[in-house]
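Below, each chain spelled out in residue letters.
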Amino acid sequence: MESIRKYVAEVIGTFVLVLLGCGTAMLVGCGADFGGGYILTALAFGLVIVGMAYCIGNISGCHINPAVSLGVLLSGGMTFTDFVGYVVSQCLGAIAGAGMLKAIFNLGDVVDKTGGYGANGLANVNGSAGAGLLVEIILTFIFVMTILGVTSKKANHGSFGGLIIGLTLTLVHIFGIGLTGTSVNPARSLGPALLAGGDALGDLWVFIVGPFVGAALAAVVYKLLEDPSKNVKPVAEKAAAAVKTAAPVKANVTKSNNHPNKKKKK
């Protein structure tokens, strides 16, 4: 039952990511020559992560990205069974999000300024699969490294983790939109590409391989760099230790306060 809740949360999170992220791109246009639309699209993707992190983060961890799930798997943060369940859920959510966009734009006769439901492509790198792979590997590496650092059990970043991750996704979008449209997420690329077809579907492999390679590299590098001797006590352990230390003091105070009353009764 717990796994089902996680998978449903991942479906919802990825659905929202594609709906609002790709939907914003479709409405405002996200080419490099559309400065305002460029920034709005980057912010849309980043803000979805912030919102979902504080919404479903406590249920599934808010991966909503197969590349992130791969990084967590290789870091020992989840089982292979859960990894498969997460990836399937994320892909279903992305397809549903793209389908909802198609329904809204078709029913409302709204112009899609991306021409392909916000699908990623290689047109801005002159069709170069090599350039597209490099961009996606590097950007996913940066994104997943940030996530692994923020969520590490050996660090304590408080309640700002979701904000940091969302801002990082915004940052990589600001650089990558003008090159590949920025995927760093195979599921996010899959949904729109299935509906757009054509070149978007033909180039899809780049936006699956690139993010997975970048995530795997991030997991390996972070594991090598992280200090194995550093171990921050969980908040619950700290609280328990504080209560244990304070208990004798409280007992002494109570005893001393009751002593005068006993004398008066005598």
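This text goes with the structure placed above it.
Everything numeric here is computed off the predicted structure, so don't read it as measured data.

## Looking at the packing of aromatic side chains
Next, step 1: In total, this model carries two aromatic pairs according to the counting rule given.
Next, step 2: When the ring of Tyr 7 is compared with that of Tyr 86, the centres are 6.0 Å apart and the planes differ by 90 degrees; the resulting orientation is edge-to-face. Of this pair, Tyr 7 sits in helix α1 (residues 2-28) while Tyr 86 is found in helix α5 (residues 80-107), placing the two residues 79 residues apart along the sequence.
Next, step 3: Here the aromatic rings of Phe 80 and Phe 83 are separated by 6.1 Å at their centres, their planes lie at 35 degrees, and the arrangement is tilted.

## Description of a nonpolar patch on the surface
Next, step 1: Nonpolar side chains collect at one region of the surface, where Ile 39, Leu 40, Leu 43, Leu 47 and Ile 174 lie side by side and expose about 420 Å² of accessible area between them.
Next, step 2: Looking at the secondary structure, you find Leu 43 in helix α2 (residues 35-53).
Next, step 3: For Leu 43, a relative accessible area of 36% puts it in the partly exposed group.

## Observations concerning helix α10 (residues 206-225)
Residues lying three or four places apart along an α-helix face the same way, a consequence of the helix completing one turn every 3.6 residues.
Next, step 1: The end-to-end C-alpha distance of α10 is 28 Å, a good match for the 28 Å that 20 residues give at a rise of 1.5 Å each.
Next, step 2: Within α10, burial applies to Val 206, Phe 207, Gly 210, Pro 211, Gly 214, Ala 215, Ala 218, Ala 219 and Tyr 222.
Next, step 3: Summarising the contacts, the buried residues of α10 are in contact with α4 (66-74), α6 (129-151) and α8 (186-196).

## Here we look at the environment of Val 16
Next, step 1: With respect to the secondary-structure elements, Val 16 resides in helix α1.
Next, step 2: In this structure the C-alpha to C-alpha distance between Val 16 and Val 48, which are 32 residues apart in sequence, comes to 7.2 Å.
Next, step 3: Beyond its immediate chain neighbours, meaning those up to four positions away, Val 16 contacts Gly 21, Val 48 and Met 52.

About the criteria used
Residues take numbers from 1 onward in each chain, read along the sequence in its written order. Predicted model: local features are reported for residues with pLDDT of at least 70 only, side-chain atom pairs are reported and counted for 80 or more only, and whole-chain, interface and lining totals are derived from all residues. Values reported for side chains reflect all heavy atoms of the structure, with hydrogen atoms and water molecules removed beforehand. Pairing of aromatic rings covers Phe, Tyr and the six-membered ring of Trp, with a centre-to-centre limit of 6.5 Å; geometry is then stacked below 30 degrees between planes, edge-to-face above 60, and tilted otherwise. Strands are runs of DSSP state E lasting at least two residues, helices are runs of H or I lasting at least four, and both sets are numbered from the N terminus onward. Patch criteria: residues need more than 30% relative accessible area and no salt bridge. Like-charged residues are merged within 9 Å; nonpolar side chains of Val, Leu, Ile, Met, Phe, Trp and Tyr are merged within 5 Å. Methods summary: accessible areas were calculated by the Shrake-Rupley approach with a probe of 1.4 Å, and residue burial reflects only the protein chains presented. One side-chain nitrogen of Lys or Arg within 4 Å of one carboxyl oxygen of Asp or Glu is enough to make a salt bridge. The cut-offs for exposure are 20% and 50% of the maximum accessible area for each residue type, with area from a 1.4 Å probe on protein chains only; residues under the lower value are buried, those over the upper are exposed, and the others partly exposed. Every helix has an expected span of 1.5 Å times one less than the residues it contains. Residues are treated as being in contact if the distance between any of their heavy atoms lies within 4.5 Å.

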